[in-house]
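Take a look at the letters that make up each chain.
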Amino acid sequence: MKMKREDVRNIAIIAHVDHGKTTLVDELLKQSGVFRANQEVADRVMDSNDIERERGITILSKNTAVYYKDTKINIIDTPGHADFGGEVERVLKMVNGVILVVDAYEGAMPQTKFVLRKALELDLSVIVCINKIDRPEGRPVEVIDEILELLMDLDASDAQLDCPFIFASAKSGFAKKNLEDPEVDMSPLFETIIEHIPAPEGDPDADTQVLISTIDYNEYVGRIGVGKVDNGTIRVNQECVMVNHHEPDKMKKVKIGKLYEFDGLNKVEVQEATIGAIVAISGITDIHIGDTLCSVENPQAIPFQKISEPTIAMNFMVNDSPLAGQEGKYITSRHIRERLFRELNTDVSLRVEETDSPDCFKVSGRGELHLSVLIENMRREGFEFAVSKAEVLYHYNERNQKLEPMELAYIDVPEEFTGAVIQKLTSRKGELQGMSPANGGYTRLEFEIPARGLIGYRGEFMTDTKGNGILNTVFDGYAPFKGELSYRKTGSLIAYESGESITYGLFSAQERGTLFIGPGVKVYSGMVIGQNPKAEDIEINVCKTKKLTNTRSSSADEALKLTTPKEMSLEQCLDFIDTDELLEITPTSLRIRKKILDPTMRKRSAMNKKSQM
């Protein structure tokens, strides 16, 4: 018989990127007494990974639990970026309701719509939390209307339209049910969660069923499956059968090693857990997302939506440049292979495939950000390798027509930059779907654009809008191929010989374009050292020294003035490289180079390409 477990609530916090989800979870943890009164707590304590902290984004969903009065509230903090949308879809299977966090100034954004649609499809209860109401330019009353319009657009049911609104400032640590209420603490939000989010339901006497929704990985215990107990009870040392809704043939007997529940930021070992509990299970080596752990007598898989497919791929390969192996700790194909396959333990939206060459692996992901985070992680761990330009993954329909992934791009820019943005995106095969005024003198543009049209565009976009534009994208399915695209209108300045760059050589090189390096940098033949504003590549000798003569003129020895070289971040380098170039990545350097280093071979290859066209 089904019953409700009133002492538990399971919620996920969803929002557009940067609307304050993680800060809100921090406050809920602090005010529910998880930390000691004198304990020092880092900001955004849930973003545990270095890259998450630096970029201020959440990449992996995190589980935590707080107690309010006698109720345990399991909270899942989810990512807001479209590239990590796969994470959001899965964790929603563990919860009965969501808190939708919306910025009181920015209002409903594209990703708000994406995550809200997923929650409504699963028929979850919604609490809308309008955050940052203490921002001077906040407009909470208008944002309420925007959210209600959004709910209507998404065909929300009457019950979902009747959702409660809470006004909060996670940073200042208060929430209130009405704008005119006093600013005290977070208890109005806690009260609303307990009133409006349904308690988890299940049959405690039925056979065990636990659906695994996320995977954690730990060097000591290996894979850890995290999921909700839907029916029955799960115990330590229990014999179970592992089945999967999408793989009917999968039937594997396993034994539960250790069982944990969440308490604050810690996992606490328990002997058993019953319906509604969110548990972590270790001791099962090949546990995957979407697996259901069932009792041996009655193995029934719980339905589970398939994980979204990758749309973009790049090759990761062993670095074979003349400077290879000088800066990295892990440089062989065995190291790179092990590391990439280890990433699959926790990242389900990633694919890694072997290629014809033992030194090269094809890695596919959900977007440029998804792959650049992996590259940055590997770089920090001491890996040295090279990557190719990101390319999209095509599909073919039954008529053998080529289909490509499409994105919806939502762009907010000050009015004077709209012309430049429209021109650039149209040249990248984008189609303008709508244009409307947004708040603060901005204009919102909506484009439908092939995913490959956005590769390498973000850096250009920031330059074109002088850093004032906001660009958000959401995957929009596959559509027929839109035709060829040229990624880059500029050429490269290429080092002609190996050695060390010298001021004299760089001085004559800087007249040809923008340099990426200064003096005293090791270079090699075929390395890209700058950008030529014209479309062709130019080879330059930057290791050239001045010829010594026995006559001196008064001005000849004046110091040569070099312009400051353009330093590029990892993302900018990935944006800049063309299809015939690679990015060499080491723990200390990023070097752009041609795939073919030898100038004669390079020219021959280019001529062969032309003759084939």
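Residues numbered from 1 in each chain as written. Predicted model: local features only at pLDDT ≥ 70, side-chain atom pairs only at ≥ 80, totals over all residues. Heavy atoms only, no water.

1. Concerning the nonpolar core
- Among the nonpolar cores identified, the biggest contains 42 residues, and Leu100, Val128, Ile130 and Ile147 are the most heavily contacted of them.
- Split by domain, this core shows at least three residues from each of two domains, domain 1 (3-201) and domain 2 (203-294).
- The residues touching valine 128, leaving out its near neighbours within four places in the chain, are Leu100, Val102, Ile147, Cys163, Pro164, Phe165 and Ile166.
- Phe361, Phe576, Ile577 and Leu583 belong to the second-largest nonpolar core, a separate cluster that totals 32 residues. (Core = buried A, V, L, I, M, F, W, Y, C linked by side-chain atoms within 4.5 Å. Buried < 20%, exposed > 50% of the residue type's maximum accessible area, 1.4 Å probe, protein only. Domains from an automatic or database assignment. Contact = heavy atoms within 4.5 Å.)

2. What about the sheet that holds strand S13 (residues 239-244)?
- Reading across the sheet, the 8 strands line up as S14-S13-S19-S10-S11-S18-S15-S16 and stay open at both edges, with antiparallel pairing between neighbours. Among the strands making up the open sheet, the edge pair consists of strand S14 (247-255) and strand S16 (266-270). Averaged over all pairs of adjacent strands, the angle between strand axes in this sheet comes to 35°, irrespective of strand direction. (Pairing = 2+ DSSP bridges. Helix = DSSP H or I, 4+ residues; strand = E, 2+ residues; numbered from the N terminus. Axes fitted to C-alpha atoms, helices over the stretch in contact; angles between N-to-C directions.)

3. A closer look at the environment of serine 321
- Summarising the element assignment, serine 321 is placed in the loop between strand S20 (312-317) and helix H8 (333-343).
- On the basis of relative accessible area, serine 321 is assigned to the buried category, the value being 5%.
- Separated by 65 residues in sequence, serine 321 and alanine 386 place their C-alpha atoms 9.1 Å apart.
- In this view, serine 321 contacts Tyr524, Glu584 and Arg593; residues no more than four positions away in its chain are not counted.
- Within the structure, the side chain of serine 321 is placed 3.1 Å from the side chain of glutamate 584, a separation counted as a polar contact. (Polar contact = N/O pair within 3.5 Å; in protein donor to acceptor, adjacent residues only side chain to side chain.)

4. Details of the pattern of salt bridges
- If you walk through the whole model with that rule in mind, you get 28 salt bridges.
- Between lysine 424 and aspartate 464 there is a salt bridge; the shortest N-O distance is 2.9 Å. Of the two residues, lysine 424 sits in helix H10 (residues 418-427) while aspartate 464 sits in helix H11 (residues 458-464), which places them 40 residues apart along the sequence.
- For lysine 424, a relative accessible area of 23% corresponds to the partly exposed category.
- Between glutamate 581 and lysine 594 there is a salt bridge; the shortest N-O distance is 2.9 Å. With glutamate 581 in strand S36 (residues 581-585) and lysine 594 in strand S37 (residues 590-594), this residue pair connects regions lying 13 residues apart in the sequence.
- Classification of lysine 594 as buried rests on a relative accessible area of 1%.
- Through salt bridges with shared partners, a single network forms among Arg339, Arg342, Glu343 and Glu381. (Salt bridge = Lys/Arg side-chain N within 4 Å of Asp/Glu carboxyl O.)

5. Focus on the pairing of S20
- Of all 6 residues in S20, 5 are buried, a share of seventy percent or more.
- Pairing of S20 with strand S22 (residues 360-365) involves 6 bridges; the strand directions are antiparallel. When the bridges of S22 are listed, methionine 314 appears paired with valine 363.
- In terms of strand pairing, S20 meets strand S24 (residues 391-392) through 2 bridges, oriented antiparallel. What sits directly across from isoleucine 312, in S24, is valine 392.
- Sheet topology places S20 next to strand S23 (residues 385-388); 2 bridges connect them, and they run antiparallel. Within the sheet, the bridge partner assigned to phenylalanine 316 lies in S23 and is valine 387.

6. Notes on the packing of aromatic side chains
- Under the defined criterion, the tally for this structure stands at 6 aromatic pairs.
- Centre to centre, the rings of tyrosine 330 and phenylalanine 383 are 4.9 Å apart; their planes meet at 40°, and the pair counts as tilted. With tyrosine 330 in the loop between S20 and H8 and phenylalanine 383 in the loop between helix H9 (368-380) and S23, this residue pair connects regions lying 53 residues apart in the sequence.
- Note on tyrosine 330: relative accessible area 25%, which makes it partly exposed.
- Aromatic pair tyrosine 394 and phenylalanine 481: ring centres 5.6 Å apart, planes at 80°, arrangement edge-to-face. Highlighted residues: tyrosine 394 in the loop between S24 and strand S25 (395-396) and phenylalanine 481 in the loop between strand S29 (470-480) and strand S30 (491-495), separated in sequence by 87 residues.
- For tyrosine 394, a relative accessible area of 31% corresponds to the partly exposed category. (Phe/Tyr/Trp six-rings, centres within 6.5 Å; stacked < 30°, edge-to-face > 60°.)

7. So, the confidence of the model for the protein chain
- On average, residues of the protein chain score 80 in pLDDT, and 88% of them reach the 70 mark or higher.
- Of all the helices and strands in the protein chain, helix H2 (residues 50-55) carries the lowest mean pLDDT, 42, while S23 carries the highest, 94.
- Low pLDDT, under 50, characterises residues 34-61; the predicted model gives this stretch 85 contacts beyond four residues in sequence or across chains. (pLDDT = per-residue confidence, 0-100.)

8. Concerning the UniProt feature "binding site: GTP" (unreviewed entry) in the protein chain
- Those residues carrying the UniProt feature "binding site: GTP" (unreviewed entry) are Asp18, His19, Gly20, Lys21, Thr22, Thr23, Asn131, Lys132, Ile133 and Asp134 in this numbering.
- Mapped onto the secondary structure, aspartate 134 falls in the loop between strand S6 (125-131) and helix H5 (140-153).
- Dropping the residues within four chain positions of it, aspartate 134 is found in contact with Ser169 and Ser172.
- Side chain to side chain, aspartate 134 and serine 169 meet in a polar contact 2.8 Å long. (UniProt positions renumbered as here; feature names shortened; annotations may be inferred.)

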